[in-house]
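Take a look at the letters that make up each chain.
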Amino acid sequence: MRLHRRKLLETSAGLAITAFIGGQSAAASTEGSCQPRDPLKNLMEGNHRFSNAWQEAGRNPSTNLGSELQNNRCFNAPQTLINEQHPWATLLTCADSRVSPSWIFDTTPGELFVIRSAGNTAFDAAIASIEYSVSILQTPLVMVMGHSGCGAVSTAMGNSALTPSLERLITPIRSQIADSPDLTAAVRSNALGTATTLRDNSPLLREAEAKGSLKLVVSYFDLQTGAVTLI
């Protein structure tokens, strides 16, 4: 079963590469959708707004974060989103309930294509999903984002007995955080390792980077300040 699944992913990736290189993307026109000129700059500006509001809310518990942020957003019309999507960035991040990319980058539905797993691991389905976003939806930016206090990374640093499924989850994390002196360093190392895994296991992503049609970046989200920094 696992071999069949791997073969299916490889075949799908090959077809996607052919379509991507040959310009046969199924993406429709982006007219009428939120499309920033510089996706990375737009992400970081959105996070700057969020970080300011997050810290203000920390100082003043009566602060309404939604009210602080909502006036700065671009909204895709429902009519636009019913039949199509044109996300301008793809995020691979942790499943942690506190780490919602749309919230952290002050975006709305239709803007971000998001893949989440505990420890932001580049498992097979995550890689396939990112290949879809890049080759079919043509997102020009992929960001791998780790975060402070990551439970999956913390678990990988320990020696507690785990279920077989959890062991499989943290095995790639353990291989990426060897010799990390603390959790912060381990989270950063894990995020960088995930980006390396994406490049190593996806010819499509490597080709897109080489052509300059894709930018792959790595970042770290600090729950204390609400700020995202590139690493």
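First things first, this report covers the structure right here in the doc.

The rules behind the values
- Along each chain, residue indices are assigned from 1 in the same order as the chain's sequence is written.
- Totals for whole chains, interfaces and linings use every residue, but because this is a predicted model, local features are given only for residues with pLDDT of at least 70 and side-chain atom pairs only at 80 or more, for both listing and counting.
- Only hydrogens and water are set aside; all other atoms, that is, all heavy atoms of the structure, feed into the side-chain values.
- What counts as a helix is a DSSP run of H or I of at least four residues, what counts as a strand is a run of E of at least two, and both are numbered from the N terminus.
- Expected helix span is given by 1.5 Å per residue-to-residue step, counting one fewer step than there are residues.
- Buried, partly exposed and exposed residues are distinguished by accessible area as a fraction of the type maximum, computed with a 1.4 Å probe on protein chains only: under 20%, between the cut-offs, and over 50%, respectively.
- Two N or O atoms count as a polar contact when they lie within 3.5 Å, although within protein this holds only if one can serve as hydrogen donor and the other as acceptor, and sequence-adjacent residues are included solely when both atoms are side-chain atoms.
- Nonpolar cores were defined as sets of buried Ala, Val, Leu, Ile, Met, Phe, Trp, Tyr and Cys residues, with membership established by side-chain atoms within 4.5 Å.
- The contact rule is simple, with two residues in contact once any of their heavy atoms fall within 4.5 Å.
- To obtain the arc, one takes the directions from the helix axis to the C-beta atoms.

**Description of helix 2 (residues 39-59)**
The end-to-end C-alpha distance of helix 2 is 30 Å, a good match for the 30 Å that 21 residues give at a rise of 1.5 Å each. Regarding helix 2, the residues found buried are P39, L40, L43, G46, N47, F50, S51, A53 and A57. Its side-chain oxygen placed 3.3 Å from the backbone nitrogen of L40, D38 serves as the N-cap of helix 2.

**Some remarks on the nonpolar core**
Among the nonpolar cores identified, the biggest contains 20 residues, and L92, I130, V134, V144, L198 and L205 are the most heavily contacted of them. When residues of this core are traced back to their parent elements, those giving at least two are strand 2 (112-116), helix 6 (124-135), strand 3 (141-147), helix 9 (183-201), helix 10 (203-211) and strand 4 (215-222). A per-element tally of this core places helix 6 first, with four residues. Those residues in contact with I130, other than ones at most four positions away along the chain, are T90, L92, I115, V142, L198 and L205. The next biggest cluster of nonpolar side chains, apart from the first, holds 17 residues, and it includes L40, F50, I104 and L112.

**A look at helix 10**
Along helix 10, the residues that are buried comprise L204, L205 and A208. For helix 10, the arc enclosing every buried residue in end-on projection is 95 degrees, short of the 170-degree limit, so these residues lie on one face.

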